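Listed below are the residues making up each chain.
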Amino acid sequence: MDIPGAWSRVASGAMLLSADGVLRPTIFAEMSALALRTGAINLGQGFPDEDGPAPVLEAARAAIAGGANQYPPGIGIPELRAAIVEHQQRFYGLNVDPDAEVLVTAGATEAIAATILALCEPGDEVVTLEPFYDSYAATIALAGARHVTVPLRAPDFRLEPDDIRAAVTDRTRIILVNSPHNPTGTVVGREVLQVVVELAHEHDALIVTDEVYEHLTFGVEHVPIATLPGARDRTITISSGGKTFSTTGWKVGWVVAPPALTKAILTVKQFLTYVNAAPFQPAIAVGLRLPDEYFRDAAETLGRKRDILSTGLRRAGFRVSNPDGSYFVIADAAPLGFTDADDLCRRLPELAGVVGVPLGAFVREEHREGYRSLVRFAFCKRIDVLERAAAQLAGLRS
C-alpha cells in the first residue's frame, strides 16, 4: 500500500504500518476493544476508574454553569497559568513567569507534539528512553527527525549513564526524558539527570522532560531536570493534571520553558487544537492549589494499589518489577511458560478475564529481544477491581 508523505512517516514511526504495508490499529486500541468485547477487566489502558477530588469536579461544574464554555486565551487562562507557577514554586522552588514561560495545552501529548514539531527540523535526532510512550515515535517521524533510543533493560529498567552518553551526539536536537516513566515505572535519579544536563551542554541540545506522573511516586524523590544546575535555560518541562487528579479525559496539560522556546511551541500549538478545555482549566487550577495532604495521600493510595496487583501477579507465577512511580507494573510471563506476550495478551481474557498490554508495543521491533515475555498492567483501578483481577490471574498457574 502506497502511503504518501508525512502520513507514511507517522504511521511507520508509531508502528501502525505492518510489514505487508497495511495500516492496523495500535495494540492499545486492540486490547481495549478486546476488553470491551469479552467483559474482561481492562488493566491495559492507563486511566483510573474513579473520579478525581470533589473540589476539582465541583469547580468544573461551576465553570460550566458560570459560562466558561467558549474559547479561552491561546496560552491558557490566567488563573491556571498562575496556579502552574505557584505549583512550580511550591514543590520545586522554581520561579516562573506566567505570561512568558507557561503554555496550557490539550494534555501532555499535544505539548510533546507541539514541542517536537516546533524545535526539530528534518534530519535532527531526538533521543528518548526505550521502552517509550508511543506518541513520541509518531511525532518524531512526523517532524522528519531521527529517533534514537536508550535502553531501559529488564528487570530493573534503570537508565545507565554510559548508554545515554553513547546515544547523544552533535546531531542530537532534543533529549526527551520521561520520568516517572511510562511504561516501566522507573524514576530517574538526580545523578543520572545531571549527566543528561552535561550532555545537553556538550552537544548544544535541548532537554524535554515529560513529568505527568510527577506526584505519583512511591517513596522515591522525583527531581525535575529544570531544578538542576545549568538546566533551566535549555529545558522544556511538560506535565498535566490528568494523572494527578484522575481526570485523564479532560486533557489539560502545560509547558514550562524559557520565553523564546515557549513562543516557538505556541506558534505550532495554535495550529493543532488552537485552544481547549475552557471549563476544565479553572478546575485544574483548583487541583494544583489543593493542600499537600492531597498529593501525599494520592501517592500513598496508588502505592497500595501497586502492592495489591504486584502481590497477585507474583502469586499467579509472574516475575514482577517494583515500579517507583506511575500507574504501571511490568510482569514477566516466562516463568509461567509464556514467552510471547503478544499472544498471551490476546488470550488473557479467555484464560483469566483480564487484559494487559505487551511491553513490546513500546519497543522497536528490532529491539524486542529481552522484552518479548513482558506485560504491562495498569494498577490505577479500584481496589476491589484489582483484588478480583489478582484472583482471576491466579488461575494461570493451573
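Residues numbered from 1 in each chain as written. Predicted model: local features only at pLDDT ≥ 70, side-chain atom pairs only at ≥ 80, totals over all residues. Heavy atoms only, no water.

For clarity, the cut-off: UniProt positions are given in the numbering used here, feature names are shortened, and annotations may be inferred rather than shown by experiment.
Going by the annotation in an unreviewed UniProt entry, the name recorded for the protein chain is Pyridoxal phosphate-dependent aminotransferase, with Lysobacter korlensis given as the source organism. Note on the protein chain: under the UniProt heading Cofactor (unreviewed entry), the record states "pyridoxal 5'-phosphate".

### Some points on the pattern of salt bridges
To keep it simple, the criterion reads: Every case where a carboxyl oxygen of Asp or Glu lies within 4 Å of a side-chain nitrogen of Lys or Arg is listed as a salt bridge. Put simply, DSSP H or I for four residues or longer makes a helix, DSSP E for two residues or longer makes a strand, and each gets a number counted from the N terminus.
As enumerated under the stated definition, the model contains 24 salt bridges in all. With its nearest N and O atoms 2.9 Å apart, the salt bridge here joins Asp332 to Arg319. Linking Asp332 in strand S10 (residues 328-332) with Arg319 in strand S9 (residues 319-320), this pair joins segments that are 13 residues apart in sequence. Here Arg368 makes a salt bridge to Asp342, at a shortest N to O gap of 3.7 Å. Of this pair, Arg368 sits in the loop between strand S12 (357-358) and strand S13 (374-378) while Asp342 sits in helix H12 (residues 341-352), placing them 26 residues apart in sequence. Ionic contacts of the salt-bridge type, sharing partners, join the residues Asp342, Glu365, Arg368, Glu369 and Arg372 into one network.

### Remarks on the nonpolar core
What counts, and what does not: In this text, buried Ala, Val, Leu, Ile, Met, Phe, Trp, Tyr and Cys residues form a nonpolar core when linked through side-chain atoms within 4.5 Å. To sort residues, take the accessible area from a 1.4 Å probe on protein chains only and compare it with the maximum for the residue type: under 20% means buried, over 50% means exposed, and anything in between is partly exposed. Working rule for contacts: check all heavy atoms of both residues, and any pair within 4.5 Å makes them a contact.
Counting residues in hydrophobic clusters, the biggest one holds 101 residues, and the most contacted among them are Ile236, Phe318 and Phe377. Among all residues touching Phe377, those that are not within four sequence positions of it are Leu43, Leu309, Leu313, Phe318, Tyr327, Phe328, Val329, Ala331, Leu348, Val354, Val355 and Gly356.

### A short note on the sheet that holds S9
To keep things clear, this is the line we draw: When DSSP finds two or more bridges between two strands, those strands count as paired.
What the four strands build is an open sheet, ordered S9-S10-S13-S12; its pairing is antiparallel. Where the open sheet ends on each side, the last strands, each with one partner, are S9 and S12. Looking at chain direction, S12 and S13 are connected through two bridges and run antiparallel. Residue pairing in the sheet places Val357 in a bridge with Arg376 of S13.

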